[in-house]
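Structural overview
One-letter residues, chain by chain:
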Amino acid sequence: MDDEAQLQAIESLGIGSADEAAIAVGRLLAVTEAAYERRAQLEHALQSRVAIEQAKGILAERYGLEPDAAFDLIRRAARSNRIKLHELVRKIKPGQPTPAELAAQIQCFASPRGS
């Protein structure tokens, strides 16, 4: 819910009967709950985005790819292995071998640096 709905709920607390106040408190609680849910969704989206950006950077460095090409590689590998993108991204770590799910895609896409 938006700020206007929250203000209406707060204003209605000061006037009216106990039943109206109870309804207003209920609305205020609903607004608060919706705000917390939205915040949690945004936090999850941000964390997911950070992990994706890190994985793109690792693959871009490791295989000499542009960031967009690295993302395409990750997305293609996730689809072809039928796993969620964020599951594959969690497996891409600096100093660790490239996950097996990416192996076939990488051979078609680029050759490692220094090889």
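Along every chain, residues carry numbers that run from 1 in the direction the sequence is written. Reporting in this predicted model follows two pLDDT cut-offs: at least 70 for local features of residues, and 80 or more for side-chain atom pairs to be given and counted; totals over whole chains, interfaces and linings ignore these cut-offs and use all residues. The basis for every side-chain value is the complete set of heavy atoms in the structure, and neither hydrogens nor water enter the calculation.

1. Concerning the overall build of the protein chain
Secondary structure assignment for the protein chain yields 5 helices and 0 strands. Only DSSP runs of H or I covering at least 4 residues are called helices, and only runs of E covering at least 2 are called strands; the numbering of each starts at the N terminus. Shown N-terminal to C-terminal, the secondary structure of the protein chain runs as helices and strands in the order α-α-α-α-α. Relative accessible area decides the class of each residue, using a 1.4 Å probe on protein chains only: under 20% of the type maximum gives buried, over 50% gives exposed, and in between gives partly exposed. In the protein chain, which comprises 115 residues, the share counted as buried stands at 23%. Nonlocal contacts in the protein chain, meaning residues at least 24 apart in sequence, comprise 51% of its contacts between residues at least 6 apart. Only the protein chains shown count as cover for residues, and the accessible areas themselves come from Shrake-Rupley with a 1.4 Å probe. In the structure as shown, the protein chain presents an accessible area of about 8,100 Å², 53% of it carried by carbon and sulfur atoms. By definition, residues are in contact when any of their heavy atoms lie within 4.5 Å.

2. Brief notes about the side chain of glutamine 105
Looking at the element boundaries, glutamine 105 is found in helix α5 (residues 100-109). Leave out the neighbours within four places in its chain, and glutamine 105 touches Leu73, Arg76, Ala77 and Ser80.

3. Some thoughts on helix α3 (residues 67-80)
The end-to-end C-alpha distance of α3, which contains 14 residues, comes to 20 Å, matching closely the 20 Å that a straight helix rising 1.5 Å per residue would cover. By the burial criterion, the buried members of α3 are Ala69, Ala70, Leu73, Ile74, Ala77 and Ala78. Positive phi shows up at arginine 82, right after α3, with a value of about 50 degrees. By this rule the span expected of a helix is its residue count minus one, scaled by 1.5 Å.

4. Here's the deal with the pattern of salt bridges
Salt bridges are counted wherever a side-chain nitrogen of Lys or Arg sits within 4 Å of a carboxyl oxygen of Asp or Glu. Inspection of the entire model under this criterion finds 4 salt bridges. One salt bridge in this structure joins aspartate 72 and arginine 75, with 3.1 Å as the shortest N-O distance. Highlighted residues: aspartate 72 and arginine 75, both in helix α3, separated by 3 residues, approximately one helical turn. The exposure class assigned to aspartate 72 is partly exposed, which follows from its relative accessible area of 26%. The partner of lysine 91 in a salt bridge is glutamate 101, and the shortest N-O contact between them spans 2.6 Å. Highlighted residues: lysine 91 in helix α4 (residues 85-91) and glutamate 101 in helix α5, separated in sequence by 10 residues. Taking relative accessible area as the criterion, glutamate 101 reaches 19% and is therefore assigned buried. Salt bridges sharing partners connect three or more residues here, namely Arg49, Glu53 and Lys56.

5. Topic: the packing of helix α2 (residues 18-63) against α3
For helices, the axis comes from a line fit to the C-alpha atoms of the stretch in contact; other axes are also lines fit to C-alpha atoms, and the angle between any two N-to-C directions lies between 0 and 180 degrees. In contact at an axis separation of 8 Å, α2 and α3 are set at 105 degrees when each is read in the N-to-C sense. It follows from the interaxial angle that α2 and α3 lie roughly perpendicular. Where α2 approaches α3, its residues Ile52, Ala55, Lys56, Leu59 and Ala60 are matched on the opposing element by Pro67, Ala70, Phe71, Leu73 and Ile74. Each residue belonging to the contact of α2 with α3 can be placed in one class, and the counts come to 9 nonpolar, no polar and 1 charged. For classification purposes, angles smaller than 35 degrees are called roughly parallel, those larger than 145 roughly antiparallel, those between 65 and 115 roughly perpendicular, and all remaining angles oblique. Throughout, the ten residues Ala, Val, Leu, Ile, Met, Phe, Trp, Tyr, Cys and Pro are labelled nonpolar, Asp, Glu, Lys and Arg are labelled charged, and all others, Gly among them, are labelled polar.

6. A closer look at α2
In this model α2 runs 67 Å from its N-terminal to its C-terminal C-alpha over 46 residues, within 8% of the 68 Å that 1.5 Å per residue would give. Residues of α2 that are buried include every one of Ala24, Val31, Ile52, Ala55, Lys56, Ile58, Leu59, Ala60 and Tyr63, and no others. With its phi angle positive at about 65 degrees, glycine 64 sits one or two positions after the end of α2.

7. Considering the nonpolar core
Within the largest apolar cluster, 18 residues are counted, with the highest numbers of intra-cluster contacts made by Leu59, Leu65, Leu73, Ile74, Leu88, Ile92 and Leu102. Mapped by element, the contributors of at least two residues to this core are α2, α3, α4 and α5. Definition used in this section: a nonpolar core is a set of buried Ala, Val, Leu, Ile, Met, Phe, Trp, Tyr and Cys residues joined via side-chain atoms within 4.5 Å.

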